[in-house]
Amino acid sequence: MNDNANAHFRPRHAARSATWMCGIAFGALLAPVVQAQTTATLSVADQSEISGKQSGASDQSGIGDIIVTAQKRSESVQKTPLAITAIGGDALRISGVSNVTSIVQSVPSLQLGKFYGVANVTLRGIALSALNAGVESPVAFHVDGVYFGRPAAVLSSFYDVQRVEVLRGAQGTLYGRNATGGSINIITADPTSEFSGFAQATYGNYNHLAVEAAISGPLADKVQFRIAGRWDSHDGYGINEFTGRKIDDNHERAIRGKLKFEPADNLTILLEGDYAKANSNGAIHLQGTVAGGPVWGTLANIGPTPWTPGTIASNIRNVSQDTDPVLNSEFWGLASTISLELGSVTLRSISSYRKSKSLSVGDIDLTSSPLVSPFGLSDDAEQYSQELQVVGQTERSNWIVGGYYYHEKDQGREVSAFSNVFLPLFGAPLPADGVYNTAGLYTGTFVKTDAYAIFGQYTYKFFDKLSVTLGGRYSIETKEQLNQNNFDLGTRFDYSKLFSTPPTVTIQCGVGVPTIGYSAAVPCQPKKTFKAFTPKIGIDFQASPDVLLYASYSKGFKSGTFNLGAAQAPVKPEKLDDFELGIKSTLLNGLLRANLAGFYYNYKDVQVFNGLPTTTFLENAASARIYGLEAEIVAKPVPPLQFDLTGSWLHTGYRNYKAYDQLRPAGDGVTQVPDTSAPGTFVSGFNLDGNHLPQAPEFSGRVGAAYTLFSGSGDFTLRGEAVYTSKVYITQFNTCPVGCVAGHTRFNASLNWVSSDGRLTASLNGKNLANKVLLTSGFAGTPLVGGLISGYLEPPRTVDFTVGYKF
C-alpha cells in the first residue's frame, strides 16, 4: 500500500488523546442507566445475589434475585420489563465459566460459536456470519458500559465478574449501536472500602490449569483500588495427524486494575485498565461435502486438476493438514466513568480507548495436500468512545437523555496461498518449473467508522401499577474504506510476506488512491453514511407485588458496511421491528419463579455471508420473519431442593431471498440471481424462501436439579442438568446431513461445597459427560477444493476440580 493511502487512515493521536482527556475531565454521562435482576441458575446452587453481593448460606428458603442495570438504572430483574437473563459472579466462578461461550445453556435462544477468531454470536436467530473487516456483531457486547466493536474480543476470557446480563431483543434506544439482536453486558467487580478479595485454582483433564484472583481495598482516604487477573491453559483436544502437533489447546492470561476516587460525597471517578492475551492452535475441522460426508482416511481427487490427493484425519476430533492452525489475540484498553449526583439527577461520563489485534492461520482445503494453504486472517483495530448521560427520577418517573460518539479504525487482511495446479481452471498451462504454492489471494480493507447518536427514554407510572415508556435514538454512522484485492497464481508464496500488500492489485477503491476494477454498473464508493431513527414504546402493569406484565415495540438498526476484497456496492443496513409480550412472576411465597416472553420480528435487509470460488462477501437477503416463545422457570419446593428450566421455541424463515450457491453452481434449474462478479448478468441459484436462518435451532433449552445438604461443616450441593438443542443449519442453504448439526443433548453435573462461613469453596464440574462431538459453527469453503464444509468443535468431556478462598 502506498504511503498516501496509509496517511489517510493514520490516527490523529494528539487530537484523539485530547478528546479522550476531555471526556474524563468534563464527564457528564447522558446515557440510560437501567438495572435489572435475574435468577442465577447457572451452577451447582442458587447463590442468591442482592445488589451484586452474595447473601450467604443462611438465606436458604427462597429463590435468589439479582439487581441489574439493563435500563441504565438499578432495579430487580423481576421488576424490569425486558427479556433479560442475569447470572451472578459467584455462580460463574463456581461453575468454572471463563468465557462467554460457557453461558449459552443458561440463556434462552442464545447460541455461541467462533470462526477464525471471530465470535459467532446468535440471539433469537440474529447472528454475525461474516469475517469482513469493519463488520460488527448485531448482538452488542459491553464491559462496564463500554461497547466492544471487534467481535473477536467477545471470546476473550472474563474474570472477577460481578454479573452478566443478556438482553434479548432489539436494543435501539439505550444500547443502540448495531444491537438488532440484543446485548451482552459484563459488569466487573468494583473497588471496595474494606480489604477483600478471593483466589481460586482449577485442575482438570487435558492438563487444564487455571488461576483467578482479585484483591481490593482502600489506598487512602476516599481512594480505593482493585486488581484482578486470570491465567488459564489446557492441552489440545486432538492432533494434526500430518504434523503430529496438538490442536484445540488454549493459553490465556489477563489482568485488570481499577481506581475509585470519591473527592466529594456526590462525585465518583472510576478509572479502569485491562490487558488480555490468548494463544491457541484452534483448528477448523472437516465435516464433509454437500454431496455427502467424507470417508475418514484417504481422500480421493476432488477436482479436475492433476494434484496429488491429500489425506484427511482418522476421526473428526483430529485434522490432517499441511499447515498447523494458529489463533492469537491481544486486547487492551483504558476507561473512565465519572458520576456526579445532583439531588434527583445524575450526570455521568463514560470514556474509553481500546486496541485489539487478532491473527488466525489455517488450511482452507483441510487436507495434507498444499492446495489452498496457508490461509491467514488478521484484524487490527483501535477505537475511542464517549458517552454522556443525564439520568433523573421523581416519585413517578424515570428518565434519561444522552449522547454517544464512537470512532474506530480497523485494518483487516485475508490471504490464501493457492497451488499453481489451479492454473488450467483459469485457462493457463501448468508452469514448466513444477508445482508450487503461489501468492494466491490477497484481500485487504481499511475501514474508518464515525458514529454519532442522541437518545432518550422516559418512563411514567400511572396509578402506582401502570407504567408507560417512550424512547428513541437517532444514529448517524459514516464508514470510509480503502479496499484492495489481488489474485496471483504466478508469484511463489513467501510466508514472511503473508500479510504484505502485493505490489499490484486488481481491485482498489479508496479516498486518494486510483480506482481499479470497478465499473459504471458498480462504481467505487469509498465513503458511505447511514442514518436511522429507532423508537421504543413500552407498557408494563404490576398486577400484584409478585406479577409483572409487559408489552413493547422497539426498532433495531445495524449499520451497513463494505465488502472485503470485492468490487461490489456497499451492503445496506439491517433493520428490525421487534414486538414483545412478557410476564415475570414470583409465586408461592417466593418458592416458584416463572418468566415467560413471546416476540415477533420483522427483519429487513438481512446481512448474509456468501461466497464465490476466490472470494467471500456480504449480501442483503430481502427479509426474514422470526417469532418465538421463551421460558425461565425456577422452583424451590423445599430449602434443599431446586429445579430449573430454561427453554425456547424459535421459528425463523427467509422471505423473498434468492441466492447463488458456489457449492451447487447448477442451482435449482429455475431460479436466476444477479451475478455479483459480472454486474448485469445472471446465474443459476436457489429460492431460499422459507429456509431457516443459520445457527437458529427450533427448540433449545436446559432442565436441571440441585440438592443441598446443610451441615455444620458447610453446605454440599449436587447438581445435574441436561441441555438440548434441536437441528441447527450452518448456512442459509440448509443442506443436510452435511451442512447441519443434528439435534443433540448434552449432560453436565457438579458437586459443590461451601464452608459454613462462606470463605472456602470446592467444586467438581463435569461437562459434556456423554462426550458428544459437535460443531459450534460452520463454513462452506471454495468449490476449487471440493466444496468442503467445516467448523469448530465443542470441547469433549471435561472434568475440573476447583478450590477457592475469599476474604
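Throughout what follows, the structure given in this document is the object of discussion. The residue count restarts for each chain, going from 1 along the sequence in the order it is written. At least 70 in pLDDT is required for a residue's local features to be given in this predicted model, at least 80 for side-chain atom pairs to be given and counted, and no such filter applies to totals for whole chains, interfaces and linings, which use all residues. Hydrogens are left out, water is left out, and the side-chain values use all remaining heavy atoms of the structure.

**Focus on unusual backbone geometry**
Alright, step 1. The step from Ser373 to Pro374 runs through a cis peptide bond, and the omega angle for that step is 0 degrees.
Alright, step 2. We count a stretch as a helix when DSSP gives it H or I for four or more residues in a row; a strand needs E for two or more, and each element gets its number in order from the N terminus. Tracing the backbone shows Pro374 in strand β24 (residues 372-393).
Alright, step 3. Here the amide bond leading from Cys736 into Pro737 is cis, since omega sits at 10 degrees, within 30 degrees of zero.
Alright, step 4. The residue Asp464 is not glycine, and still its phi comes out positive at about 70 degrees.

**Some details on the state of the cysteines**
Alright, step 1. Our working definition of a disulfide is a cysteine sulfur pair at a distance within 2.5 Å. For the coordinates displayed, the defined rule picks out 2 disulfides.
Alright, step 2. One disulfide in the model links Cys509 with Cys524; its S-S distance is 2.0 Å. Here the S-S torsion is close to 80 degrees, and the disulfide linking Cys509 with Cys524 is therefore right-handed. Remark: Cys524 occurs in the loop between β28 (507-510) and β29 (527-544) and Cys509 occurs in strand β28; sequence separation between them is 15 residues.
Alright, step 3. Disulfide connectivity for the chain, with bonded cysteines indexed by sequence position, reads 1-2, 3-4.

**Quick look at the nonpolar core**
Alright, step 1. Among buried residues, the Ala, Val, Leu, Ile, Met, Phe, Trp, Tyr and Cys ones that are joined through side-chain atoms within 4.5 Å form a nonpolar core. Throughout, exposure labels follow a simple rule: accessible area from a 1.4 Å probe, protein chains only, divided by the maximum for the residue type, with under 20% read as buried, over 50% as exposed, and the rest as partly exposed. Within the largest apolar cluster, 26 residues are counted, with the highest numbers of intra-cluster contacts made by Leu92, Val100, Ile103, Phe158, Val164, Ile184 and Ile186.
Alright, step 2. Of all the elements in the fold, those that place two or more residues in this core are α3 (89-94), β7 (110-115), β8 (118-123), β10 (139-143), β12 (161-168) and β13 (182-188).

**Regarding the pattern of salt bridges**
Alright, step 1. We count a salt bridge whenever a side-chain nitrogen from Lys or Arg sits within 4 Å of a carboxyl oxygen from Asp or Glu. Scanning the entire structure with this criterion turns up 33 salt bridges.
Alright, step 2. A salt bridge links Glu387 to Lys72; the shortest N-O distance between them is 3.6 Å. Separated by 315 residues along the polypeptide, Glu387 in strand β24 and Lys72 in strand β4 (residues 67-72) bring together distant segments of the chain. Note on accessibility: Glu387 and Lys72 belong to one class, buried.
Alright, step 3. Residues Glu794 and Arg746 are paired through a salt bridge, measuring 3.4 Å at the closest nitrogen-oxygen approach. A residue pair is termed long-range when its members are at least 10 positions apart, and Glu794 in the loop between β46 (788-793) and β47 (798-806) and Arg746 in strand β43 (residues 744-754) qualify at 48 residues. The burial state of Glu794 is the same as that of Arg746; both residues are buried.
Alright, step 4. Counted as one network, the salt bridges with shared partners bring together Arg124, Arg168, Glu580, Glu630 and Glu632.

**Regarding the sheet that holds strand β45 (residues 775-780)**
Alright, step 1. Spatial strand order, β21-β46-β45: 3 strands in an open sheet with antiparallel pairing. Looking at which strands have only one partner, the edges of the open sheet turn out to be β21 (285-289) and β45. Each adjacent strand pair in this sheet contributes to an overall mean axis angle of 30 degrees, direction not counted. Between any two strands, pairing holds if DSSP finds at least two bridges. Here an angle of 0 to 180 degrees is reported between the N-to-C directions of two axes, which are lines fitted to C-alpha atoms, with helices fitted over the stretch in contact.

**What to know about the packing of aromatic side chains**
Alright, step 1. We call Phe, Tyr and Trp rings a pair once their centres come within 6.5 Å, taking the six-membered ring for Trp, and we label the pair stacked below 30 degrees between planes, edge-to-face above 60, and tilted otherwise. The final tally for this structure, using the stated rule, is 23 aromatic pairs.
Alright, step 2. With a centroid separation of 5.5 Å and 75 degrees between ring planes, the pair formed by Tyr147 and Tyr406 is classed as edge-to-face. Of this pair, Tyr147 sits in strand β11 (residues 146-147) while Tyr406 sits in strand β25 (residues 397-418), and the two are 259 residues apart along the sequence.
Alright, step 3. By relative accessible area, which is 4% here, Tyr147 ends up buried.
Alright, step 4. Here Tyr406 falls in the buried class, since its relative accessible area comes to 0%.

**Side note on a nonpolar patch on the surface**
Alright, step 1. Patch membership needs two things, relative accessible area over 30% and no salt bridge, and members are linked within 9 Å if like-charged or within 5 Å if nonpolar (Val, Leu, Ile, Met, Phe, Trp, Tyr). All accessible-area figures derive from a Shrake-Rupley calculation using a 1.4 Å probe, and residue coverage is judged against the displayed protein chains alone. Taken together, the side chains of Tyr707, Leu709, Phe716, Leu718, Leu751, Leu764, Val799, Phe801 and Val803 define a hydrophobic patch exposed on the protein surface, amounting to about 800 Å² of accessible area.
Alright, step 2. Those elements giving two or more residues to the nonpolar patch turn out to be β39 (699-711), β40 (714-725) and β47.
Alright, step 3. Element by element, the count of residues in the nonpolar patch is highest for β47, at 3 residues.
Alright, step 4. Following the sequence through the fold, Val803 ends up in strand β47.

**Comments concerning the pairing of strand β44 (residues 760-767)**
Alright, step 1. Here 6 bridges tie β43 to β44, and the two strands are oriented antiparallel to one another. Bridge pairing in β44 places Leu751 opposite Leu764.
Alright, step 2. Counting the residues that bridge the hairpin from β43 to β44 gives 5 residues, and of these Gly758 lies at a positive phi of roughly 75 degrees.
Alright, step 3. Note: β44 against β47, 8 bridges, orientation antiparallel. Paired with Leu764 across the bridge in β47 is Phe801.

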